[in-house]
Amino acid sequence: MNNLTKSINKFKPIISNNKLFFSTATIIKKPGVFNKSQNIYDKPLRRVFFNVPGSDKRKIDKSLALSDRIDSIVLDLEDGVSVNRKQEARDTIQKAVVEESFGKSEVLIRVNSVDSGLLEDDIDMIGKISSYIDGLVIPKVEHPDHLIYVTELLREKCGESNANNLKFMACVESAISLINLKDICNYNERINNNNNNNNNNNNNNNKSQLNALIFASEDYCADTGITRTPTATELLYARSTVVNHAVANGLQAIDMVCINYKNPEALKKETHEGVQLGFHGKQAIHPNQIDIINESFRPTLEKFNFATKIVEQNEIHQSQGKGAFEIDGKMIDMPMVKWARNILSIESFYPPRDLEEIEQSSDKNQKQI
């Protein structure tokens, strides 16, 4: 009998003919909740995931000046920093996060990979500033053991409480990473199993710190031998796989960098495709990309109006005891209500729309969502 259907036998008293008997009653364990997709909307908005080389003080200062338009600032110790400047980058980042204000931006540090031989020095530095940052971007995550190793290093250097407060963003950069995504997304279960085997009851401290999956297209292409094209159709499977695993596990999915950063139309097209695929944010490497990405992740006016109408009508119909209803020729039920609430949640992060614009749009025929 597996864990999902495991039953517990308990003694149940029975009185018959004035005599007391005991029989066993079977209690069937109810399965837990498997779909974690709604957990995504408990996480901070990460539309713009802005990468800054940790060794470049000028670019760090520039990101600070733009922090009101950037959801997540990623101070890079990995590919954006040459090998001979790694320690300089650590020192620069340490000084910046302690002395500077990053405003409302989430502050993340992209460390070097587990296999690089450089990660341990990165974690030494992070141990000194863990209370000044929000989390880590962990590159080249190919197996749950990579996240477990980072967790153990952080606990040793930062103390368990400080370490557990840091969020993880795992980069998907290879074929093996894509194949292992299910286990990577549930890496903390492996820690719990190890604790159980060692009779360690510390499972409460092993909640997942993973918040997002980040798709690194160029590294993935280099690993698989895929040839990049302007249409990016060759990456459709990988991008969709990242989104599906992220959503199923209540994580955000962050899309690839548009390397053609001087072409705003190419960025708009690529970002729009990412939104259609279900990504929650996109990596950026140049200030010119920030506003385009931000605006691309804003729900269209048609979506906003339709979502508003759904939420309003749902309250009316629920009070009448009706579970499903019709709007503009479309049947609306609870999945659509959840969709509408999510749209309004995202919209709440943007400036209010012009009332006249909303009314004009409402007068038009409902476009296809």
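Overview of the structure. Being a predicted model, the structure only gives us computed values, none of them experimental. (Residues numbered from 1 in each chain as written. Predicted model: local features only at pLDDT ≥ 70, side-chain atom pairs only at ≥ 80, totals over all residues. Heavy atoms only, no water.)

### Regarding the pattern of salt bridges
Taken as a whole, this structure holds 25 salt bridges when the rule is applied. The partner of Arg228 in a salt bridge is Glu218, and the shortest N-O contact between them spans 3.1 Å. Within this pair, whereas Arg228 is found in the loop between helix H9 (217-224) and helix H10 (236-248), its partner Glu218 is found in helix H9, the two being separated by 10 residues in sequence. Classification of Arg228 by relative accessible area gives partly exposed; the value is 25%. (Salt bridge = Lys/Arg side-chain N within 4 Å of Asp/Glu carboxyl O. Helix = DSSP H or I, 4+ residues; strand = E, 2+ residues; numbered from the N terminus. Buried < 20%, exposed > 50% of the residue type's maximum accessible area, 1.4 Å probe, protein only.)

### So, the sheet that holds strand S8 (residues 210-215)
One closed barrel holds the 8 strands; their spatial order is S3-S4-S5-S6-S7-S8-S9-S10, and the pairing between them is parallel. Taking each pair of neighbouring strands and ignoring which way they run, the sheet shows an average axis angle of 25°. Relative to S8, strand S7 (residues 167-172) is paired through 5 bridges, and the arrangement is parallel. The residue bridging Cys171 from the neighbouring strand is Ile214, located in S8. (Pairing = 2+ DSSP bridges. Axes fitted to C-alpha atoms, helices over the stretch in contact; angles between N-to-C directions.)

### Re helix H1 (residues 57-65)
Among all positions of H1, only Ile60, Ser63 and Leu64 are buried. Within H1, the buried residues cover an arc of 105° as seen down the axis, which keeps them to one side. Opposite the buried face of H1, by more than 90 degrees, sit the exposed residues Arg58 and Ala65. Summarising the contacts, the buried residues of H1 are in contact with strand S3 (48-53), strand S4 (72-76) and helix H2 (86-99). The backbone nitrogen of Arg58 has a side-chain oxygen 3.2 Å away, supplied by the residue at the start of H1, namely Asp56. (Arc of directions from axis to C-beta. Contact = heavy atoms within 4.5 Å. Polar contact = N/O pair within 3.5 Å; in protein donor to acceptor, adjacent residues only side chain to side chain.)

### Details of the side chain of Asn342
Within the secondary structure, Asn342 is located in helix H14 (residues 334-347). Excluding residues that lie within four positions of it along the chain, Asn342 makes contacts with Gln38 and Tyr41.

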